[in-house]
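Now for the letters of each chain:
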Amino acid sequence: MADEAYFVGPPKETGPGVLLLPSWWGLTAAVRQRADQLADAGFTVLAPDLAFGDRPETEDEAEDLLGEANPDRLVQLVLSSAELLAEKAASGRLGVVGIGMGGSLALWLSVRRPDRVTAAVSLYGSQSIDFDGATADYQLHLAQDDRFISDDDAAFLEATMRMAGVAVEVVCHPDTHHGFADPEGPTHVPGAADAAWTQVIRFLQSTVDAA
């Protein structure tokens, strides 16, 4: 296996934990750079390789690999990564940030482990689960035109979360498509990606602490 995970923290003290869940492109150099950016902002970051060493070169190949992935293996990696990070970070309560399929898993984890997740960010991920019992604050980043998430899907997700009584902020990025924050993909929009990450870091700094 080429890469199992990337772990990085602030230069001095151990910071609050942020679990970074990549998209179907895997643990790329761009994901590592975003992890470094989070560490520079004061967080202790763990990014597991959800592609298990595969590095697809096209969207079709990435979609095929995701279709062939063992869902139990994926969720077990997410759960074990959260537990490992909780041991290494300044607190057992974590933030989780996910991109694409990682965003969907971030939302799932926030419901599965409400005792662990205090803040969850999804960049064009989606879920159709019940958010009752979740204790996290949420930030959702959506593309204006997403071939995987319809306007109705996005509205249903937000309504489901609000019905559960959780705090949710929804940001729709104009002139973007699914994958706008993935430099490896054909729909990458650098300006929108950087704007989203600026908002992500501010959100985490206001919701994730070492208490």
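Remember, predicted model here, so these are calculated numbers, not experimental data.

## So, the nonpolar core
Link 1 in the chain: Leu19, Leu109, Tyr138 and Met161 are the most contacted members of the largest nonpolar core, which totals 35 residues.
Link 2 in the chain: Only strand E2 (17-21), helix H3 (71-88), strand E4 (94-99), helix H4 (101-112), strand E5 (117-123), strand E6 (137-145) and helix H5 (151-163) provide two or more residues apiece to this core.
Link 3 in the chain: With seven residues, H3 is the largest single contributor of residues to this core.
Link 4 in the chain: For Met161, the residues in contact, after removing those within four places along its chain, are Leu107, Phe131, Tyr138, Leu140, Val166 and Val168.
Link 5 in the chain: Of all hydrophobic cores here, the second largest spans 30 residues; its members include Tyr6, Val8, Ala47 and Val121.

## Describing a negative patch on the surface
Link 1 in the chain: On the surface, a cluster of negative charge is contributed by Asp54, Glu57, Asp60, Glu61, Asp64 and Glu68.
Link 2 in the chain: The topology assignment puts Asp60 in helix H2 (residues 59-68).

## Side note on the packing of aromatic side chains
Link 1 in the chain: Scanning the entire structure with this criterion turns up three aromatic pairs.
Link 2 in the chain: When the ring centre of Phe52 is taken as reference, the NZ or CZ atom of Arg73 above it lies at 3.6 Å.

## A word on the pairing of E6
Link 1 in the chain: Note: E5 against E6, five bridges, orientation parallel. Paired with Val121 across the two strands is Gln139, which belongs to E6.
Link 2 in the chain: Direction of pairing for E6 relative to strand E7 (residues 168-177): parallel, over a ladder of seven bridges. Counterpart to Tyr138 in the pairing with E7 is Val168.

## Structural notes on the pairing of E5
Link 1 in the chain: Burial analysis of E5 places seven of its seven residues in the buried class, the great majority of the element.
Link 2 in the chain: Bridge count for E4 against E5 is six bridges, and the pairing is parallel. Looking at E5, one finds that Leu94 is bridged to Val117.
Link 3 in the chain: In terms of handedness, the path from E4 via H4 over to E5 forms a crossover that is right-handed.

## Overview of the sheet that holds strand E1 (residues 5-8)
Link 1 in the chain: One open sheet accounts for seven strands, arranged E1-E3-E2-E4-E5-E6-E7; its pairing is mixed. Across the chains shown, the open sheet's two edge strands, defined by having one partner strand only, are E1 and E7. Adjacent strand axes in the sheet meet at a mean angle of 15°, parallel and antiparallel pairs treated alike.
Link 2 in the chain: Along the sheet, helix H1 (residues 29-40) makes contact with E1, E2 and strand E3 (44-48), crossing E1 at roughly 25°.
Link 3 in the chain: Against the sheet, H5 contacts E6 and E7, and its axis sits at roughly 170° relative to E6.

## A short note on the environment of Ile201
Link 1 in the chain: Along the chain, the position of Ile201 falls in helix H6 (residues 190-207).
Link 2 in the chain: Note on Ile201: relative accessible area 11%, which makes it buried.
Link 3 in the chain: For the pair Ile201 and Leu50, spaced 151 residues apart in sequence, the C-alpha to C-alpha distance is 22 Å.
Link 4 in the chain: Excluding residues that lie within four positions of it along the chain, Ile201 makes contacts with Gln37, Leu38 and Ala41.

## A word on the packing of H3 against H4
Link 1 in the chain: Two elements in contact, H3 and H4, have axes whose closest approach is 11 Å; the angle formed by their N-to-C orientations is 60°. The angle between H3 and H4 places the two elements in the oblique class. Handedness of the H3/H4 crossing: right-handed. Across the interface between the two elements, Val75, Val78, Leu79 and Ala82 from H3 touch Leu105, Trp108, Leu109 and Arg112 from H4.

## Some thoughts on the side chain of Thr118
Link 1 in the chain: Of note, Thr118 is situated in strand E5.
Link 2 in the chain: Excluding residues that lie within four positions of it along the chain, Thr118 makes contacts with Arg93, Leu94, Gly95, Thr135, Ala136, Asp137, Thr207 and Val208.

Thresholds, definitions, all that
- Residues numbered from 1 in each chain as written.
- Predicted model: local features only at pLDDT ≥ 70, side-chain atom pairs only at ≥ 80, totals over all residues.
- Heavy atoms only, no water.
- Core = buried A, V, L, I, M, F, W, Y, C linked by side-chain atoms within 4.5 Å.
- Buried < 20%, exposed > 50% of the residue type's maximum accessible area, 1.4 Å probe, protein only.
- Helix = DSSP H or I, 4+ residues; strand = E, 2+ residues; numbered from the N terminus.
- Contact = heavy atoms within 4.5 Å.
- Patch = residues over 30% accessible without salt bridge, like charges linked within 9 Å, V, L, I, M, F, W, Y side chains within 5 Å.
- Areas by Shrake-Rupley, 256 points an atom, 1.4 Å probe, with all protein chains shown as cover.
- Salt bridge = Lys/Arg side-chain N within 4 Å of Asp/Glu carboxyl O.
- Lys, Arg positive; Asp, Glu negative; His and termini not counted.
- Charge placed at Lys NZ, Arg CZ, Asp CG, Glu CD.
- Phe/Tyr/Trp six-rings, centres within 6.5 Å; stacked < 30°, edge-to-face > 60°.
- Lys NZ or Arg CZ within 6 Å of the ring centre and 35° of its normal.
- Pairing = 2+ DSSP bridges.
- Right-handed = clockwise from strand over helix to strand, strands pointing away.
- Axes fitted to C-alpha atoms, helices over the stretch in contact; angles between N-to-C directions.
- Parallel < 35°, antiparallel > 145°, perpendicular 65-115°, else oblique.
- Left-handed = near helix turned anticlockwise from the far one by under 90°.

All we've got here are geometric facts, nothing functional implied.
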